[in-house]
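# Analysis of the macromolecular model
So the chains spell out like this:
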Amino acid sequence: MVGVVSPVRKTPALRLTAWGDPPSLVDAEVPEPTGTEVLIRVEAAGICHSDLHVLDAAPGALPYRPPFTLGHEIAGHVAAGDFAAEGLAVGDRVAVYGPWGCGACRRCAAGEDNYCDRRAELPWSGAGLGRDGGMARYVLVPHARHLVPIGDLDAAQAAPLTDAGLTPYHAVAGLKLADDAAVVVIGVGGLGHVAIQILRATTRARVFAVDVREAALALADRSGAHRTLLTRTDTATVLRRETGGADAVLDFVGSDPTLSLAAGVLRPGGALAIVGSGGGKLTVTKPGPLPPGASVSLPFWGSGRELREVIALARAGSVRVETEQFPLGAAVEAFARLRAGQVSGRAVLLPG
Ligand code: FEH
Ligand code: ZN
Ligand code: ZN
């Protein structure tokens with residue numbers, strides 16, 4: 001093994017200690033890498049709405065076994081491990097690919113741990129998701145294959161991109177968009193504003209952004225949306241008229257009203273990607289609320305290859321996450337701000 005594990009044995013980590021408990025900052029042992037594991041000194045860790053879903057989960061709802069450190073959006077530098085064969089060196093700056101699958105199935109072998117075939121058998125789904133994550137000074141990554149070099153990219157950008165960038169990138173990659181396509185983005189929060197930038201950087205589509213908050217539409221505008229609309233009773237009518245029928249809708253909310261709006265603006269043969277986990281329902285019948293030829297997808301996170309492509313877009317200056325940064329010691333306040341809808345863009349913790 002090469003590298004220094006840590007000059008100290010314990011460092012602060014934000015943990016879920018038991019189901020139903022609030023997240024708490026505790027002194028946790030600095031882990032030692034064994035086998036293929038790589039120890040990462042964390043420089044930044046993003047906070048995601050999914051972290052709230054984990055914290056709010058009833059006992060038994062998720063296969064995870066607390067206690068574990070939260071945080072699945074991680075960037076930092078290599079601290080220690082046995083990775084010479086992987087072309088890594090101590091000090092290399094990296095983003096951590098967050099979905100960790102079984103590592104043996106066809107999907108994992110292809111770098112698509114987000115769709116691991118054995119996901120249902122595993123008591124975890126990734127960093128901070130049943131296994132210790134990155135809201136700490138150090139995190140153990142199971143294998144170097146989960147590490148993506150970031151060069152001189154700011155860690156406070158790279159960390160949120162591992163989910164708030166990768167998830168919309170994967171959703172857009174699943175769309176077949178003609179040059180004159182019209183794409184509607186519903187919900188311009190941590191993922192939606194990056195989706196708009198990805199659409200502008202990788203397609204020629206006209207981008208229409210919809211949200212219930214004026215501040216979110218201002219963020220959509222800054223992110224490059226061609227048109228922004230505050231949700232009103234006539235939004236579907238206005239969107240149908242201005243788009244001629246949307247070729248694709250990316251719903252980053254996933255609630256009953258947003259799914260109904262999405263179904264109402266899709267053109268025949270259009271594609272609906274439900275990215276948000278709002279728990280909304282959509283009746284898929286023939287005939288029904290969706291137009292003929294419509295397709296519906298439930299994209300989840302993304303692949304390791306796609307994360308490398310997202311990092312390349314960010315390093316080229318094509319994608320930038322709006323962030324609010326907090327020291328790790330203010331993590332509980334940051335979670336409270338996120339839960340109250342008072343974070344603009346993505347909240348990022350800096351372990352310092
Ligand atoms: C992660 C884990 C479980 C559910 C959802 C998520 C998303 O944040 C991944 O994009
Ligand atoms: Zn997430
Ligand atoms: Zn697998």
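Predicted, not measured: the structure shown is a model, and the values here were computed from it. (Residues numbered from 1 in each chain as written. Chains lettered and ligands numbered in written order. Predicted model: local features only at pLDDT ≥ 70, side-chain atom pairs only at ≥ 80, totals over all residues. Heavy atoms only, no water.)

This part is about the packing of helix α4 (residues 192-202) against helix α5 (residues 214-223). Put simply, α4 and α5 touch, their axes get as near as 9 Å, and they point 25° apart. Our classification of the angle between α4 and α5 gives roughly parallel. Crossing handedness for the pair α4 and α5: right-handed. Contacts between α4 and α5 involve His193, Ile196, Gln197 and Arg200 from the former and Leu219, Ala220 and Ser223 from the latter. (Axes fitted to C-alpha atoms, helices over the stretch in contact; angles between N-to-C directions. Helix = DSSP H or I, 4+ residues; strand = E, 2+ residues; numbered from the N terminus. Parallel < 35°, antiparallel > 145°, perpendicular 65-115°, else oblique. Left-handed = near helix turned anticlockwise from the far one by under 90°. Contact = heavy atoms within 4.5 Å.)

With 74 residues, the main nonpolar core has Leu70, Met135, Leu161, Leu250 and Ile311 as its most contacted residues. It is helix α3 (residues 155-173) that contributes the most residues to this core, ten residues altogether. Judged by nonpolar contacts, the second largest core, of 21 residues, contains Cys102, Cys105, Val139 and Val141. (Core = buried A, V, L, I, M, F, W, Y, C linked by side-chain atoms within 4.5 Å. Buried < 20%, exposed > 50% of the residue type's maximum accessible area, 1.4 Å probe, protein only.)

Mapped onto the fold, arginine 337 is located in helix α9 (residues 331-339). Judged by relative accessible area, which is 22%, arginine 337 ranks as partly exposed. Sequence separation of arginine 337 and lysine 176 is 161 residues, and the distance between their C-alpha atoms is 37 Å. Every residue in contact with arginine 337, bar those within four places of it in the chain, is listed here: Glu324, Phe326, Gln342 and Val343.

So, about the site of ligand 1. By nearness alone, every residue bordering ligand 1 is listed as Cys48, Ser50, His72, Leu129, Asp163, Thr167, Phe300 and Trp301. Separating an oxygen atom of ligand 1 from a side-chain N or O atom of aspartate 163 is a distance of 2.6 Å. Measuring from an oxygen atom of ligand 1, one finds a side-chain N or O atom of threonine 167 at 3.1 Å. Look at ligand 1: alone it shows 290 Å² of surface, and the protein chains cover 81% of it. For the shell around ligand 1, the residue count by class is four nonpolar, three polar and one charged. (Near = heavy atom within 4 Å. Polar contact = N/O pair within 3.5 Å; in protein donor to acceptor, adjacent residues only side chain to side chain. Areas by Shrake-Rupley, 256 points an atom, 1.4 Å probe, with all protein chains shown as cover. Nonpolar A, V, L, I, M, F, W, Y, C, P; charged D, E, K, R; others polar.)

With respect to the secondary-structure elements, glutamate 37 resides in the loop between β3 (24-29) and β4 (38-47). Although glutamate 37 is buried, it makes no salt bridge; arginine 131 carries the closest opposite charge, 4.9 Å away. (Lys, Arg positive; Asp, Glu negative; His and termini not counted. Salt bridge = Lys/Arg side-chain N within 4 Å of Asp/Glu carboxyl O.)

Time to look at empty space enclosed by the protein. Across all of its chains, the model carries one cavity of 30 Å³ or more by this definition. Size it by volume and the largest cavity reaches roughly 50 Å³. Lining the largest cavity, in full, are Pro99, Trp100, Gly101, Asp113, Asn114, Cys116, Arg119, Leu122, Trp124, Ser125 and Phe300. In terms of residue class, the lining of the largest cavity is built from six nonpolar, three polar and two charged. (1 Å grid on protein atoms, 1.4 Å probe; cavity = no way out; pocket = protein on both sides within 12 Å on 5 of 7 lines; lining within 4 Å. Points joined across faces, edges and corners; volume = space filled by probe spheres on them.)

Among the secondary structure elements, alanine 171 is positioned in helix α3. The buried category is assigned to alanine 171, whose relative accessible area is 4%. Through-space distance from the C-alpha of alanine 171 to that of alanine 195 is 8.7 Å; in sequence the pair is 24 residues apart.

Right, let's get into the coordination of the zinc ion (ligand 3). Distances from the zinc ion (ligand 3) to its protein donors, namely Cys102 (SG), Cys105 (SG), Cys108 (SG) and Cys116 (SG), fall within the range 2.3 Å. Of note is the zinc ion (ligand 3), whose four donor atoms meet at the metal with angles of 102 to 117° in an arrangement that counts as tetrahedral. (Donors = N, O, S within 2.8 Å, 3.2 Å for Na, K, Ca; no water. Tetrahedral: all angles 85-135°; square planar, octahedral: opposite > 155°, others 65-115°.)

Of the consecutive residues proline 66 and proline 67, the connecting peptide bond is found in the cis state with omega at 10°. Tracing the chain through its elements places proline 67 in the loop between α1 (49-56) and β5 (68-69). A cis amide bond links lysine 286 with the next residue in sequence, proline 287, at an omega value of -5°. Mapped onto the fold, proline 287 is located in the loop between β16 (266-274) and β17 (295-297). For tryptophan 301, which is not glycine, the phi dihedral falls at a positive 50°. Judged by relative accessible area, which is 5%, tryptophan 301 ranks as buried.

Attention now moves to the layout of surface pockets. Considering only enclosed or pocket space, the second largest pocket measures out at about 240 Å³ in volume. Around the second largest pocket sit 21 residues that line it, and Arg15, Glu29, Pro31, Asp132 and Tyr138 are the ones nearest its centre. For the lining of the second largest pocket, the per-class residue count stands at twelve nonpolar, three polar and six charged.

Counted residue by residue, strand β2 (residues 10-16) has five buried out of seven residues, so it is predominantly covered. The pairing of β2 with β3 spans six bridges and is classified as antiparallel. Pairing of threonine 11 across the sheet is with alanine 28, part of β3. Pairing between β2 and β5: two bridges, direction antiparallel. Paired with leucine 16 across the two strands is phenylalanine 68, which belongs to β5. (Pairing = 2+ DSSP bridges.)

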